[in-house]
Amino acid sequence: MNRERKPITPDRVLGDEWLDWKGSNAPSQITEGKRTFLILSFAVLAGFVLLGILFWYLALPRFEQYGRFYAALLTAVIAGGALFFLVWYAILIGAVISQRIYLAICLRRGSNLFVMLFPVVARLARSFGISRDRLGHSFIEVSNRLVAPRRTDGSILALVPRCLSRELKKEVQSICAEFPGVILHTAPGGTQARSIIREIRPRAIVAVACERDLVSGIHDVAPRIPIIGIPNTRPHGPCKDTVIDVGKFRSAILFFRKE
Ligand code: SF4
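Predicted model, so just to flag it, every value in this text is computed and none were measured.

What counts, and at which threshold
- Residues numbered from 1 in each chain as written.
- Predicted model: local features only at pLDDT ≥ 70, side-chain atom pairs only at ≥ 80, totals over all residues.
- Heavy atoms only, no water.
- Helix = DSSP H or I, 4+ residues; strand = E, 2+ residues; numbered from the N terminus.
- Buried < 20%, exposed > 50% of the residue type's maximum accessible area, 1.4 Å probe, protein only.
- Contact = heavy atoms within 4.5 Å.
- Areas by Shrake-Rupley, 256 points an atom, 1.4 Å probe, with all protein chains shown as cover.
- Axes fitted to C-alpha atoms, helices over the stretch in contact; angles between N-to-C directions.
- Parallel < 35°, antiparallel > 145°, perpendicular 65-115°, else oblique.
- Nonpolar A, V, L, I, M, F, W, Y, C, P; charged D, E, K, R; others polar.
- 1 Å grid on protein atoms, 1.4 Å probe; cavity = no way out; pocket = protein on both sides within 12 Å on 5 of 7 lines; lining within 4 Å.
- Points joined across faces, edges and corners; volume = space filled by probe spheres on them.
- Pairing = 2+ DSSP bridges.
- Right-handed = clockwise from strand over helix to strand, strands pointing away.

Trainee: I'm lost on the overall build of the chain in this one. Help?
Mentor: Each helix and strand counted, the chain has nine helices and four strands in total. Each helix and strand of the chain, ordered N terminal to C terminal, gives the series α-α-α-α-α-β-α-β-α-β-α-β-α. When burial is assessed residue by residue, the chain has 45% of its 259 residues classed as buried. Expressed as a percentage of contacts within the chain between residues at least 6 apart in sequence, the contacts between residues at least 24 apart total 75%. As displayed, the chain has an accessible area near 14200 Å², and 60% of this comes from carbon and sulfur atoms.

Listed below in structure tokens is the structure:
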């Protein structure tokens, strides 16, 4: 079944959704690899573990005043928590390197740790002069590696933004028409995208948008619904006549179709 919902608001103008865009030097294409997010997220996790150890060091004498049991309990909680998050992180890194590990372990909530860490990682990235779009691109690359189909029934939802160029919309439309069970929608914004997802309840999503929209979409639905994000390129600036590699779009549809 292929159908496309008509946009319910007028077409966007250049940069109208990017509040911080001043028509300046934002790069039209971002190519940040997975490493940026992985290194920064590890730094954040290591920071939290060190804070936990510092808390333990400072609080232990007080707990000892109440008895050995309470001191041991505090040690167990801090050590257990640190170990839990470090192992969880290590499994996710393994999954990013080899998706099979992830599938084998079947961590249904696997990508949540990265999603949870993202806001702090974004702050750290900013202090190193890494823009949220660069970090977002890297995060999307990581998130795409952790996608594992959960169900075999239901439709695949292809979400494209209004800013996609007319020619590419047609190409995307014809790719979707090749595969029964792929539903194509143009999402005018995040709120509408969420209501389309609620209405269709797809088994998987292939989403095209800029990094900032994709990051918030992934936060909303992953890992409840597997989602592959395809960041757009903005040769004329954001929100107008953006482009994508349609080969990547087709591969994403095929990834879910294969399962
Ligand atoms: S997806 Fe397109 S229209 Fe939406 S905010 Fe990003 S660049 Fe603008």
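Trainee: Mind showing me how you'd approach the packing of helix α1 (residues 34-66) against helix α5 (residues 132-145) here?
Mentor: How two helices sit against one another is set out by the angle between their axes and by the gap between those axes. At their nearest, the axes of α1 and α5 sit 7 Å apart, and the two run at 95° to each other. With respect to α5, the axis of α1 lies roughly perpendicular. The segment α1 lies against α5, with K34, R35, T36, F37, L38 and L40 engaging L135, S138, F139, E141, V142 and R145. Each residue belonging to the contact of α1 with α5 can be placed in one class, and the counts come to six nonpolar, two polar and four charged.

Trainee: Sorry if this is basic, but what is going on with the layout of surface pockets here?
Mentor: To find leftover empty space, a probe the size of one water molecule is rolled over the atoms. Reported here for the largest pocket is a volume of approximately 560 Å³. In terms of lining residues, the largest pocket is bounded by 23 residues, among which E141, N144, G229, I230 and K248 are the most central. Where the lining of the largest pocket is concerned, the elements lending two or more residues are α5, β4 (227-231) and α9 (246-258).

Trainee: What's the story with the pairing of strand β2 (residues 182-187) in this structure? I'm lost.
Mentor: Looking down a regular strand, the side chains alternate between one sheet face and the other. With six of six residues buried, β2 lies mostly within the body of the structure. Across the two faces of β2 the burial is the same, with V182, L184 and T186 and I183, H185 and A187 all buried. As paired strands, strand β1 (residues 156-161) and β2 are joined by six bridges and run parallel to one another. In the strand pairing of β2, V160 is matched with T186. The parallel pair β1 and β2, bridged by helix α6 (residues 166-178), forms a crossover whose chirality is right-handed.

Trainee: Just checking my understanding: could you explain the pairing of β4 for this structure?
Mentor: Where burial is concerned, most of β4 is hidden: five out of the five residues are buried. Of the two faces of β4, the one lined by I227, G229 and P231 and the one lined by I228 and I230 are each fully buried. Across five bridges, strand β3 (residues 204-209) lies against β4 in parallel orientation. When the sheet's bridge partners are listed, V206 is paired in β4 with I228.

Trainee: It is not clear to me how helix α8 (residues 211-221) should be interpreted in this structure. Could you clarify?
Mentor: Because an α-helix packs 3.6 residues into every turn, residues spaced three or four apart end up facing the same way. Restricting attention to buried positions, one finds in α8 the residues E211, R212, L214, V215, I218 and V221. Each element contacted by the buried residues of α8 is listed here: α4 (112-127), α5, α7 (190-200), β3 and β4.

Trainee: What should I look at first to understand unusual backbone geometry in this one?
Mentor: As a rule of thumb, non-glycine residues mostly have phi less than zero, and peptide bonds are mostly trans rather than cis. Non-glycine residue C239 carries a positive phi angle of around 75°. Position of C239 relative to the elements: it lies in the loop between β4 and α9. Judged by its relative accessible area of 7%, C239 falls in the buried class. Even without being glycine, D241 reaches a positive phi, approximately 45°. Secondary-structure assignment places D241 in the loop between β4 and α9.

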